[in-house]
Amino acid sequence: MPDGLGDHHWHYISEKAAKAKKQRVLEKYWIGEPVKAKKLPRATNAFDAAKNGYTFYKLLQAPDGHWPGEYSGPHFLLPGYIIGSYVTGAPIKEEERLEMVRWLFLRAHPEDGGWGIHVEGKSTVFGTVLNYVTLRLLGVDAEHPIMIKARGTIHKLGGATGIPAWGKFWLSVLNVYDWEGNNPIPPELWLLPEWLPIHPYRWWIHTRNVYMPMSYLYGIRYKAEENDLILALRQEIYTEPYGSIDWPAQRNNVAAIDTYVPHTRVLDGLFSILGVYEGCAIPPLRRAGLDFVYDQIKKEDENTSYQDLGPVNKMMNLIVRHYVDGPESVAFKEHVKRRQDFLWLGVDGMMMCGTNGSQLWDIAFISQALAETGVGDLEENRESMMRALEWLDHAQMQSNPLHFKSAYREATKGAWPFSTKTQGYVVSDCAAEGMKAVLYLQENLPVKERPISERRLCDTVDILLDMQNSTGGWASYERRRAPMALELINPSEVFGDIMVDVDYPECTTSAITALSHFRKHYPNYRANEIEAAKKRAVDYIHNAQDANGAWLGRWGICFTYATMFALESLSLVGETYENSESVRRACDLLISKQREDGGWGESWETCEKLEWIEHENTQVVQTAWAGLALMYANYPHRAPLQRAAELIISRQLPDGSWPQEAIEGVFNKTVAIAYPNFKFSFTIWMLGKVHLYLKTLG
């Protein structure tokens, strides 16, 4: 790993080959081997600590300039990989199989032996059943002690009949759950008039890209052939004989411990109508729906070189292409190869990531941190920063998707993705943070030596301005296409806000700060439109402020994360602790949450319950976020920032690194996901910035 384009591939080699090809610090660090980095001089101030932090972090930079890292946490990803591979016969290397088993064994709940929706969550039917099945498909015996314990939890929770909708789907594909136990997801929905507010093209992109292949496989009632293992699983995961289960009665049977978004009357009514239709589905209409969906799946594959938007729709698309195109087809073989992009080897084994990585996201933050703090100005760091700039140059998308309007895609020319150019999806905050990083890294270079031209940056501006919603805010992948009322038909049962791509304080801040920074360098390009966009964005930020004074985060945990972004937005228009009631309320909330040790610690459960919940431990990443937030607000009191910096410094190891603490990210309110590179980028950023800031306070 990596392959030069930002794609991450782990390869196993023989002991003999290993003698000739030594592991780098990069590989050793991520799999938990001793890296033997040199002990650095003890930091005497925050800047020295930031410098030490980057001295270590440089060791983790890939030769092509980016920083690889884990992007895992959800417990429903690896099951899709294994089930999809099993039913299509796609091979899994023995070394990978062993590492996957190890990861799942070590991630089982220490008390009840189950698995949650993510690695820090309580055991659920969704997580426990899917990962139990995964281990069985990976060759673990049903009488292994870990399996006995997990099976006991499945039975205590009522058995697999109470698994949520996505779990019902995967079990049906494997042929250990009857399709009659699923609520209808007919492909004919795609044939509805596009002006209808419920047309699937209006759904949030992750949702529509998952339900697209779901509807195909539901429409044909795809299922694996019976074998001894499938027959055994039917006996193991239920609390009653498989043959006696009333399958239609299970459609709305979801275990209470799993339910986050209960069915609304609107959704149940829609399912009732679809159920009636399903009983008399018109064959030509079904064929037309299947053909339309298959064409969209092909376009998604071709737009992304068979990588697809994410691991869930990727494995579903793989099954569809195997079924339609066949096991010897180019499409299926490309899908099989691209599975590897999502696998990550860590200290506890091999896992599946939430996308093919967070490459752009991570490089953008550390680049800005280095530039803003002066750490990047040090001679020993310039070569590293130039490599980062080279990667950013190669990662920018300079054309629109191959299948553009016909695949319901947004423009991508000028954008940066969340992960890699290959994946090829624009995300508003990633395009913005990518542009900010480039502007910082290029600003001291002569114009002729800047790899990314003014024209290419103007393309980014065009993308960002076009993505702003009428509310003044920015969503993630697209402008909002449907009213919020569409959430009334959220069919997932376990994820919040998945139907509409809503506005986010984080995305809005990234976009508007990038546009403002661009305007400083290029004051003549669409200047009036940028100014108008900034005013609308600030209005949105004010309107989005929570009653507690903070802002609710949707991509990081949680109030701490989003408040950092929001206060950066307000700083653009001169709002500070001294002159703004909004800023003062936010700062007062943060100060009230600072702990005796000087740090902050907010639990992922805040995102789920929408109220501040303390983590049992202080977190250096959240302490860095809170410190940056206070500095954006021009917070006038020295002591809280001094104590925060001291806390972060106290956790730093002699080699300049920080140990991994709790999970940092979240999506759809209920799913926590890891951003382990944050413990470098944001700590370095906060320490370098606070060193300068405290000098201004006297």
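Since the model is a prediction, treat every value here as computed from it, not as a measurement.

Cut-offs applied
Residues numbered from 1 in each chain as written. Predicted model: local features only at pLDDT ≥ 70, side-chain atom pairs only at ≥ 80, totals over all residues. Heavy atoms only, no water. Helix = DSSP H or I, 4+ residues; strand = E, 2+ residues; numbered from the N terminus. Expected span 1.5 Å × (residues − 1). Bend = angle between axes of the 7 residues up to and from the residue. Buried < 20%, exposed > 50% of the residue type's maximum accessible area, 1.4 Å probe, protein only. Salt bridge = Lys/Arg side-chain N within 4 Å of Asp/Glu carboxyl O. Domains from an automatic or database assignment. Contact = heavy atoms within 4.5 Å. Buried area = accessible area lost by both parts, 1.4 Å probe. Phe/Tyr/Trp six-rings, centres within 6.5 Å; stacked < 30°, edge-to-face > 60°. Lys NZ or Arg CZ within 6 Å of the ring centre and 35° of its normal. Core = buried A, V, L, I, M, F, W, Y, C linked by side-chain atoms within 4.5 Å. Pairing = 2+ DSSP bridges. UniProt positions renumbered as here; feature names shortened; annotations may be inferred. Axes fitted to C-alpha atoms, helices over the stretch in contact; angles between N-to-C directions. Parallel < 35°, antiparallel > 145°, perpendicular 65-115°, else oblique. Left-handed = near helix turned anticlockwise from the far one by under 90°. Nonpolar A, V, L, I, M, F, W, Y, C, P; charged D, E, K, R; others polar.

A.B. asks: Which residues make up helix 26 (residues 678-697), and what values go with them?
C.D. replies: Spanning 20 residues, helix 26 covers 27 Å between terminal C-alpha atoms, matching the ideal 28 Å at 1.5 Å per step. At Val-690, helix 26 shows its maximal kink, close to 25°. Judged by how many residues are buried, helix 26 sits mostly within the fold: 15 of 20 residues are covered. Residue Gly-698 follows helix 26 closely and has a positive phi angle near 80°.

A.B. asks: Give a description of the pattern of salt bridges that names residues and reports values.
C.D. replies: Within this structure, the stated rule accounts for 43 salt bridges. Between Glu-226 and Arg-234 there is a salt bridge, with the nearest N and O atoms lying 3.1 Å from each other. Accessibility expressed as a relative area gives 9% for Arg-234, which makes it buried. Between Lys-689 and Glu-372 there is a salt bridge, with its nearest N and O atoms 3.2 Å apart. Note that Lys-689 is positioned in helix 26 and Glu-372 in helix 15 (residues 359-373), a separation of 317 residues in sequence. Each of Arg-455, Asp-459, Asp-462, Arg-526 and Glu-529 takes part in salt bridges that share partners, so that together they form one network.

A.B. asks: Talk me through helix 19 (residues 505-521); I want residue IDs and the actual numbers.
C.D. replies: Compared with an ideal rise of 1.5 Å per residue, which puts 17 residues at 24 Å, helix 19 spans 25 Å between its outermost C-alpha atoms and is within 8% of the ideal. A large share of helix 19 lies buried, amounting to 14 of its 17 residues.

A.B. asks: I'd love a proper account of the domain arrangement of the protein, names of residues and values included.
C.D. replies: Domain parsing of the protein yields domain 1 (76-352) and domain 2 (358-697). For domain 1 versus domain 2, the separation of C-alpha centres amounts to 32 Å. With 48 residues of domain 1 at the interface, the matching set in domain 2 holds 43 residues. Summed over both partners, the interface of domain 1 with domain 2 comes to about 4,100 Å²; 60% of that surface belongs to carbon and sulfur atoms.

A.B. asks: Outline the packing of aromatic side chains, supporting the account with residue identities and numerical values.
C.D. replies: Going through the model one piece at a time under the given rule, you end up with 49 aromatic pairs. Ring geometry for Tyr-222 versus Tyr-323: centroids 6.1 Å apart, planes at 80°, classification edge-to-face. With Tyr-222 in the loop between helix 9 (205-220) and helix 10 (228-236) and Tyr-323 in helix 13 (residues 311-325), the pair connects residues that are 101 residues apart, well separated along the chain. The buried category is assigned to Tyr-222, whose relative accessible area is 9%. Tyr-323 sits in the partly exposed class, given a relative accessible area of 46%. Aromatic ring contacts, followed pair by pair, group Tyr-71, Trp-361, Phe-365, Phe-418, Tyr-561, Phe-565, Trp-625, Tyr-675, Phe-678, Phe-682 and Trp-685 into a single cluster. Arg-221 extends its terminal NZ or CZ atom over the ring of Tyr-218, reaching a point 4.0 Å from the ring centre.

A.B. asks: Report on the nonpolar core, specifying residues and quantitative values.
C.D. replies: Counting 232 residues, the largest nonpolar core has Phe-76, Leu-171, Leu-567 and Met-686 as its most contacted members. When residues of this core are assigned to domains, at least three map to each of domain 1 (76-352) and domain 2 (358-697). Not counting chain neighbours up to four residues away, the residues in contact with Leu-171 comprise Val-129, Leu-130, Val-133, Ala-160, Ile-163, Val-176, Tyr-177, Ile-237 and Tyr-238.

A.B. asks: Help me get a handle on unusual backbone geometry, residues and values and all.
C.D. replies: The phi angle of most residues is negative, glycine excepted, and most peptide bonds adopt the trans form. Positive phi, close to 55°, is recorded for Ser-305, a residue that is not glycine. In this structure, Ser-305 sits in the loop between helix 12 (283-303) and helix 13. Ser-305 gets classed as partly exposed once you look at its relative accessible area, which sits at 37%.

A.B. asks: Account for the pairing of strand 2 (residues 349-352), with residues named and values stated.
C.D. replies: Pairing of strand 1 (residues 343-346) with strand 2 involves four bridges; the strand directions are antiparallel. Note on strand 2: the bridge partner recorded for Trp-344 is Met-351. The antiparallel pairing of strand 1 with strand 2 creates a hairpin that spans two residues between the two strands.

A.B. asks: Outline the UniProt feature "domain: Squalene cyclase C-terminal" (unreviewed entry) in the protein, listing residues and values.
C.D. replies: Per the UniProt record, the feature "domain: Squalene cyclase C-terminal" (unreviewed entry) sits at residues 358-690. Each end of residues 358-690 is marked by a C-alpha atom, and these two atoms are 27 Å apart; helix forms 50% of the span and strand 5%.

A.B. asks: Which residues make up the environment of Gly-376, and what values do they have?
C.D. replies: Locating Gly-376 in the fold gives a position in the loop between helix 15 and helix 16 (379-395). It is 36 Å that separates the C-alpha atoms of Gly-376 and Glu-605, two residues lying 229 residues apart in sequence. The contacts of Gly-376, once residues within four sequence positions are left out, are Leu-370, Asn-381, Arg-382 and Met-385.

A.B. asks: A description of the packing of helix 6 (residues 125-137) against helix 10 should follow, citing residues and the corresponding values.
C.D. replies: Where helix 6 meets helix 10, the closest approach of the two axes is 11 Å, and the angle between their N-to-C directions is 150°. Between helix 6 and helix 10, the interaxial angle falls into the category roughly antiparallel. Handedness of the crossing formed by helix 6 with helix 10: right-handed. Residue-level contacts link Tyr-132, Val-133, Arg-136 and Leu-137 of helix 6 to Leu-229, Ala-232, Leu-233 and Glu-236 of helix 10. Its residues placed into classes, the contact of helix 6 with helix 10 shows six nonpolar, no polar and two charged.

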